[in-house]
Amino acid sequence: MRIVIAEDNALLREGLVMLTESAGHEVVATAVNGPEIVPTIVRHRPDVAVIDVRMPPSYSDEGLRAAIDARTHLPDLPILVLSQYVEQAFARELLAAGAQGTGYLLKDRIGRVEEFLDALERVAAGGTALDPDVVSQLMGRRRGPLDTLTPREREVLELMAQGLDNPAIARRLVVTERAVTKHTGNIFRKLALPHTDSGHRRVLAVLAYMNA
Amino acid sequence: MTSRIRRARDATMAMLAGLQTSLPALGCLALVPLLLVLVPLVPDAMRPVRAIAGRERARRSEAGDPLPRPYRPAPESHRGAAWSVLTDPATWRDLCWLVLHGVGWTCSTLIVVALWPAVLVSLTMPAYWSLFPAGTFTALLVPVSNWAQALTLPFLQASLYAALLLFAVPGLSLWWGRSSRALLRPTTGAALSEEVLRLTQTRAEALESHGAELRRIERDLHDGVQAHLVSISVRLGLADRALSSDPDRAQPLIQDARTAIEDVLADLRAIVRGIYPPILSDRGLSGAIDALATAQGFPVAVDVASSLRRLPAPLEAAAYFVVAEALTNATKHANPTRATVRIAEEPAGQLLIVVKDNGCGGADESRGSGLTGIRRRIAALDGRLTVDSPVGHGTTIEARMPCGS
């Protein structure tokens, strides 16, 4: 995979490059400040872009703005956004442009090498990757019907919201795929959600429910 | 007796010195009423008055008991300024003073000055009265027309004048001075509102400084410590993956991770020190300054007042940072061979910190944020920092902060 990395902190940038290259991917270009991001992406047309939310010069949400802007130039570009802290509002803004090929992770997750690479590949393939912390924040907001779910079902719901597909959920929870399908069926029934299998649409449905 | 004469002479000289403000005051008196009628011109009309009053305040201020300006700050608009000056009690007190001082002082001075030659004139009257027609001169309001009067009355008059000079004039001079001070001094109300204004401003500055400090800590932790830890985590994760397939690749990754952990710990120590140096709680201010001094590459003489009591933590931290920054700057830019650090409590409840070095001087605040940061820290605690650094003559950094009592 060809990757563009936008990160101003040298330590983290180097860690990301090392990590992705160890998995056989190629970092074709890096950007170190806000204004550079979109031109670099447009020039190199990577398979996926990894963008830090907080970049110079304003150190507020330059990266997030650039990510949304890049989508106007390259509508299908998969983008994985990294943040020092998790903010629901950012996740919502990012997902407003569509959950396809979109990821929002805490920088801390980079250290979980397996999970990070998984998320990166999932996003590049058009799926979704939401940080577990974001999901749990969103889950915490909604009371009521969520309480009707069993603990196992809540786990499955969280993993669905993070963007994992059924086989991945089954691997994570160490159960069979059939069990996962049963759980997702129950969840959709209890929450009165339209049943859908395909990745990002499912995530959107779950998120839309949790956001409401 | 001689001390009395000396006192009388000093009092007369003081009254003469007062003419430098009382004569202009007299002049102003004629013009000011005209201008006061035209209200819009009030601020301009009061300007010369305030200038003269300010001159008098400067004359009357003694070290340790200064006479501050009592005027309210004027709003921007011309009409607002006119109204503010008109309703300011200090304006009317100034005008009272103008009348009293302009007229009263001038007249008193003229009389006092005239008394001196008058004594002489009276004493010598017996010598020349006969040369002129009888009744030309008067003594004690009685026309002198015969020798009996000439020999007694002038003498009595001279005695009266002398008595006034020796006993009344010093008191008079003192009284005039006191009344001047009383009228020119700010009222308690004015002084209090001035103080409130100043405190409001310093409080706003303190809040801003505190905010900047918090943001700095947040940035340091995120960009420094978090980035390091994530980087370590990545290396260990990769090493873990490599252990089974390619163990040789794992070793350098693990080594890097361990080095990075040392860096993180050093970072954390620096951040903690920037918040509150631990040595301050362990050894107190004088112990911490001693530690700073011995850590320099040149001898530093430390003089921390032994009577210095334990101060609140922010004050001690600020004092510590002033000294640390000053010594760091000296090492970095000035190349000194010696330095002194002095910390003492001044009588007015101020903590004084002086760092002096004999380096090359020429300290330029605009070139680095170290001094500016310290200045803001001190200002947040209601203090002041002065830097005196002539090129070639070493640098002296002085900080003063109120420390209560």
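Rules used throughout
Residues numbered from 1 in each chain as written. Chains lettered and ligands numbered in written order. Predicted model: local features only at pLDDT ≥ 70, side-chain atom pairs only at ≥ 80, totals over all residues. Heavy atoms only, no water. Helix = DSSP H or I, 4+ residues; strand = E, 2+ residues; numbered from the N terminus. Buried < 20%, exposed > 50% of the residue type's maximum accessible area, 1.4 Å probe, protein only. Contact = heavy atoms within 4.5 Å. Areas by Shrake-Rupley, 256 points an atom, 1.4 Å probe, with all protein chains shown as cover. Buried area = accessible area lost by both parts, 1.4 Å probe. Salt bridge = Lys/Arg side-chain N within 4 Å of Asp/Glu carboxyl O. Polar contact = N/O pair within 3.5 Å; in protein donor to acceptor, adjacent residues only side chain to side chain. Nonpolar A, V, L, I, M, F, W, Y, C, P; charged D, E, K, R; others polar. Lys, Arg positive; Asp, Glu negative; His and termini not counted. Pairing = 2+ DSSP bridges. Axes fitted to C-alpha atoms, helices over the stretch in contact; angles between N-to-C directions. Patch = residues over 30% accessible without salt bridge, like charges linked within 9 Å, V, L, I, M, F, W, Y side chains within 5 Å.

Colleague: In this structure, what is going on with the overall build of chain B? I would like to understand it.
Modeller: Scanning chain B from terminus to terminus reveals 10 helices and seven strands. Among the 405 residues that make up chain B, the fraction classed as buried is 39%. Contacts spanning at least 24 positions in sequence make up 69% of the contacts within chain B whose residues lie at least 6 apart.

Colleague: Would you take a moment to explain the overall build of chain A for this structure?
Modeller: Within chain A one finds 10 helices and six strands. Residues classed as buried in chain A amount to 54% of the 212 residues present. Considering only residue pairs separated by 6 or more positions, chain A has 64% of its internal contacts joining residues 24 or more positions apart. If you sum the accessible surface of chain A, you get close to 8,900 Å²; carbon and sulfur atoms cover 52% of it.

Colleague: Sorry if this is basic, but what is going on with the interface of chain B and chain A here?
Modeller: How big an interface is tends to be reported as the loss of accessible area on association of its parts. On the chain A side, the residues contacting the 15 residues of chain B number 20 residues. Summed over both sides, the interface of chain B with chain A buries roughly 1,600 Å², with 57% coming from carbon and sulfur. One can count three salt bridges joining chain B with chain A. Here Arg235(B) and Glu14(A) are joined by a salt bridge, their closest N and O atoms 2.9 Å apart. Linking chain B with chain A are eight residue pairs in polar contact (both at pLDDT 80 or more). Among the elements that line the side of chain B that touches chain A, the one with the most residues is helix 6 (residues 188-245) of chain B, at 14 residues. Split by residue class, the side of chain B that touches chain A holds five nonpolar, six polar and four charged.

Colleague: What exactly am I supposed to notice about the side chain of Arg13(A) here?
Modeller: Residue and element names in this part refer to chain A. For Arg13, the location among the structural elements is in helix 1 (residues 10-22). One buried charge, Arg13, has no salt-bridge partner; the nearest side chain with opposite charge is Glu7, at 6.4 Å. Not counting the four nearest positions on each side in its chain, Arg13 is found in contact with Ile5, Glu7, Asp8, Thr30 and Val32.

Colleague: Looking at this model, I keep getting lost on the sheet that holds strand 3 (residues 300-304) of chain B. Mind explaining?
Modeller: Remark on secondary structure: sheet strands pair via backbone hydrogen bonds, oriented parallel or antiparallel. Residue and element names in this part refer to chain B. One open sheet holds the five strands; their spatial order is 3-4-5-7-6, and the pairing between them is mixed. The sheet is open, and its two borders are formed by strand 3 and strand 6 (384-388), each paired with just one other strand. Strand-to-strand twist in this sheet, taken as the mean axis angle between neighbours without regard to direction, amounts to 10°. Bridge analysis of strand 3 against strand 4 (residues 339-346) gives five bridges, and the strand direction is parallel. Along strand 4, the bridge assignment pairs Val302 with Val341. This element, helix 8 (residues 278-294), spans strand 3 and strand 4 of the sheet and lies at about 175° to strand 3. Those strands touched by helix 9 (residues 313-334) are strand 3, strand 4, strand 5 (350-357) and strand 7 (395-402), and its axis lies near 10° from that of strand 5.

Colleague: Just checking my understanding: could you explain a nonpolar patch on the surface for this structure?
Modeller: Residue and element names in this part refer to chain B. A cluster of nonpolar side chains, Leu23, Leu26, Val99 and Val103, forms an exposed patch at the surface whose accessible area comes to about 300 Å². Those elements that provide at least two residues to the nonpolar patch are helix 1 (2-37) and helix 4 (89-128). Within the element layout of this structure, Val99 appears in helix 4. Using a relative accessible area of 43% as the deciding quantity, one classes Val99 as partly exposed.

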